[in-house]
Amino acid sequence: MADILNYWTITGIVIGLLVLLPSIMGFFGGNKFDVKGKTVLITGASEGMGRSVAKQLSQKGANIIIVSRNVGRLEEALAEIKASAANPSTQRFQYISADLSEPDGNARVIAEAIAWNKGQAPDVVWCIAGASVPGLFIETSPETMRQQMAVNFFSCNDMAHAILNEWLAPSSIGKGNTRHLIFTSSVAGLYTIAGYAPYSPSKAAIKSLSDVLAQEVQLYGDDVKIHTVFPGAIDSPGMERENKTKPEITLILEEADKHFTPDETAASSIAGLERGDYLVTVSFLGSLMRASAWGSSFKNNYFVDIAMTWLSSIVGVFVAMDLNSKVRSYGKKHGHPSTYRKKVAA
Ligand SMILES: *[C@@H]1O[C@H](CO)[C@@H](O)[C@H](O)[C@H]1NC(C)=O
């Protein structure tokens, strides 16, 4: 009896693996993020990663609405985004100027987007607006801390509230129309280093909101997908501004994080969404950081993700030792931080 049980158990496991392995490895994917003919609203799209995302989704046939504050930059970006269109005669393009850190900014943007889109809510909303003002904690003003939370976290929170109220209304669900809400966090929201006290908590809060929502939207069925993208360093106008206040020790600690262009970051992010990933990273280092911070997050691929979690728990020991020793020796060499040459935002 025991032998027969073993025989069937082993056969079952082997057949199960043979059937499951290709899908575990992601072979039968198909495109899980097809934007052709869909309307996509992107915040923070007048420059940097947001602008590249808008151009690339335009190339894939989406109607595009870009949101940011500066009208001049929006007009210039929209011309470039239009010029990238796959079908210029059928795709539509619009910009909306708004300050998304203001409490009512996001609700107004969604109302205007619906009016422009013939009464239909956009199919995809991708929150990319954000900024980083690094600095040592005790030298950063409470206003800067609150502003970082408003620009990075509350812009996502308020946008999620505005669009999910549309998508999850009883009259909108159950029509087989998949919608995607995408947040943009940062690897600094998964793994923090000295100098990012004003920034990292606002990006970590995005992941937390994302995890709650990814679970909660299942109450409404399968229509709405939540995702969060975790870019690393991007050589962009935002990085140029960030550089102005970044402490030297922060630059030393993040040396290993490879810089990507806005186009490269946009392309890897879109590729992750097309694979159907919930948490999207754009580099191997980013994937290791993600693997150290799953919490209640959905995994993308159990096979790979569990292996990465083992790896990150081992590598993490050495990385933490290295980073902490760099901080201590910098402090010893340069004395009390109050004596460092001050960097001020222009
Ligand atoms: C920001 O500073 C780093 C380090 O000095 C440099 O490598 C990078 O090119 C700068 N990026 C921008 C966009 O200014």
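Here's what I pulled together on the structure shown here. Everything quoted here is computed from the prediction, not taken from an experiment. Counting restarts for each chain: residues are numbered from 1 in the order of the written sequence. The model is predicted, so local features are restricted to residues of pLDDT at least 70 and side-chain atom pairs to those at 80 or more, both for listing and for counting; the totals for chains, interfaces and linings are taken over all residues. Excluding hydrogens and water, the side-chain figures rest on all heavy atoms present in the structure.

**Digging into the overall build of the chain**
Counting from the N terminus, the helices are DSSP H or I runs at least four residues long and the strands are E runs at least two residues long. Summing up its helical and strand segments, the chain has 11 helices and 7 strands in all. If one aligns the C-alpha atoms of the chain with their principal axes, the spans along those axes are about 75 × 60 × 35 Å. Only protein chains enter the area calculation, which uses a 1.4 Å probe; residues under 20% of their type maximum are buried, those over 50% are exposed, and those in between are partly exposed. For the chain, with 346 residues in total, the buried portion stands at 47%. Contacts between residues were defined by any pair of non-hydrogen atoms, one from each residue, lying within 4.5 Å. Look at the contacts in the chain between residues 6 or more apart in sequence, and 73% of them connect residues 24 or more apart. Side chains of the chain give 32 positive and 32 negative charges; the mean places of these two sets differ by 2 Å. In this tally, Lys and Arg are treated as positive and Asp and Glu as negative; His is ignored, and so are the chain termini. All charge positions are set by atom: Lys at NZ, Arg at CZ, Asp at CG, Glu at CD.

**As for the packing of aromatic side chains**
Pairs were defined over the aromatic rings of Phe, Tyr and Trp, the Trp ring being its six-membered one, requiring ring centres within 6.5 Å. Orientation was assigned from the angle between planes: stacked under 30 degrees, edge-to-face over 60, tilted for the rest. What the rule picks out here adds up to 5 aromatic pairs. Ring centres 5.0 Å apart and planes at 70° place the aromatic pair Phe153 and Phe154 in the edge-to-face group. Residues Tyr330 and Tyr340 carry aromatic rings whose centres are separated by 5.6 Å and whose planes lie at 90° to one another, so their mutual orientation is edge-to-face. Here the residue Tyr330 occupies a position in helix α11 (residues 302-334), and Tyr340 occupies one in the segment after α11, the gap between them amounting to 10 residues. A single burial state applies to Tyr330 and to Tyr340, both of which are buried. The lysine or arginine in question, Arg92, covers the ring of Trp116, its NZ or CZ lying 4.2 Å from the ring centre. Only Lys NZ and Arg CZ are tested; either one counts as a charge over a ring when it is within 6 Å of the ring centre and within 35 degrees of the ring normal.

**Considering unusual backbone geometry**
You will see that Lys118, though not glycine, has its phi angle at about 55°, which is positive. Its place among the elements puts Lys118 in the loop between α4 (105-116) and β4 (124-127).

**Thoughts on the sheet that holds strand β3 (residues 93-97)**
Two strands in a sheet stick together by hydrogen bonds in their backbones, pointing the same way (parallel) or opposite ways (antiparallel). The pairing criterion is simple: DSSP has to find at least two bridges between the two strands. Strand order in the open sheet formed by 7 strands is β3-β2-β1-β4-β5-β6-β7, with parallel pairing between adjacent strands. The open sheet terminates on both sides in strands that have one partner only, identified here as β3 and β7 (279-281). Taking the axes of each pair of neighbouring strands and ignoring which way they run, one obtains an average angle of 15° across the sheet. Where strand β1 (residues 39-43) meets β4, 4 bridges bridge the pair, whose relative direction is parallel. Note that in β4 the partner of Val40 across the bridge is Val124. Packing of helix α2 (residues 48-59) onto the sheet brings it into contact with β1, β2 (63-68), β3, β4, β5 (179-184) and β6 (224-230), and relative to β1 it is tilted by some 170°. Axis definition: a line fitted to C-alpha atoms, over the contacting stretch in the case of helices. Angles run 0 to 180 degrees between N-to-C directions.

**Things to note about the pairing of β3**
Across 5 bridges, β2 lies against β3 in parallel orientation. Across the sheet, residue Ile65 finds its bridge partner in β3, namely Gln94. As a crossover connection, the stretch from β2 through helix α3 (residues 71-83) into β3 is right-handed. The handedness of a crossover follows from its direction of travel: if, with the strands pointing away from the viewer, the path from the first strand over the helix to the second runs clockwise, the crossover is right-handed.

**A look at the environment of Glu47**
Mapped onto the elements, Glu47 comes out in the loop between β1 and α2. Note on Glu47: relative accessible area 18%, which makes it buried. Distance from Glu47 to Arg73, taken between C-alpha atoms, is 7.7 Å for residues 26 residues apart in sequence. Excluding residues within four positions of it along the chain, Glu47 makes contact with Arg73, Pro237, Gly238 and Arg241.

**Some points on the environment of Gln215**
As for its position among the elements, Gln215 is in helix α6 (residues 200-216). Judged by relative accessible area, Gln215 falls into the exposed class, the value being 55%. Taking the C-alpha atoms as reference points, Gln215 and Ser297, 82 residues apart in sequence, are found 8.7 Å from one another.

**Brief notes about the side chain of Ser172**
Summarising the element assignment, Ser172 is placed in the loop between α5 (142-167) and β5. Under this definition, polar contacts are N or O atom pairs within 3.5 Å; protein pairs additionally need one hydrogen-donor-capable and one acceptor-capable atom, and for neighbouring residues in sequence, both atoms have to be side-chain atoms. A distance of 2.8 Å separates the side chain of Ser172 from the backbone oxygen of Glu166, its partner in a polar contact. Sequence-distant contacts of Ser172, defined by excluding residues within four places in its chain, comprise Glu166, Trp167, Arg179 and Asp223.

**Examining helix α10 (residues 284-291)**
With 6 of its 8 residues buried, α10 lies for the most part within the structure. Within the span of α10, buried status applies to Gly286, Ser287, Leu288, Met289, Arg290 and Ala291. Its buried side turned inward, α10 meets β7 and α11.

**Considering the site of the ligand**
Whether a residue is near a molecule or strand depends on its heavy atoms: it is near if one of them lies within 4 Å of it. As a structural note, the neighbourhood of the ligand is formed by Asp235, Ser236, Met239, Glu240, Asn243 and Leu251. Between the ligand and Asn243, the relevant distance is 2.4 Å, taken from an oxygen atom to a side-chain nitrogen or oxygen of the residue. Calculation of accessible area relied on Shrake-Rupley with a 1.4 Å probe; when residues are assessed, cover is drawn exclusively from the protein chains displayed. If the ligand stood free it would expose 370 Å²; the protein chains cover 52% of that surface. Each residue receives one of three labels: charged for Asp, Glu, Lys and Arg, nonpolar for Ala, Val, Leu, Ile, Met, Phe, Trp, Tyr, Cys and Pro, and polar for the others, Gly being one of them. Partitioning the shell around the ligand into residue classes produces 2 nonpolar, 2 polar and 2 charged.

**Some words on the pattern of salt bridges**
Only one rule defines a salt bridge in this text: a Lys or Arg side-chain nitrogen within 4 Å of an Asp or Glu carboxyl oxygen. Applying the stated criterion across every chain yields a total of 13 salt bridges. With its nearest N and O atoms 2.7 Å apart, the salt bridge here joins Glu80 to Arg51. Taken together, the residues Glu80 in helix α3 and Arg51 in helix α2 connect sequence positions 29 residues apart. The partner of Glu254 in a salt bridge is Lys246, with the nearest N and O atoms 2.6 Å apart. Looking at Lys246, the relative accessible area reads 1%, which means it is buried. Three or more residues are tied together by salt bridges with common partners; here these are Arg51, Lys55, Glu76, Glu80 and Asp263.

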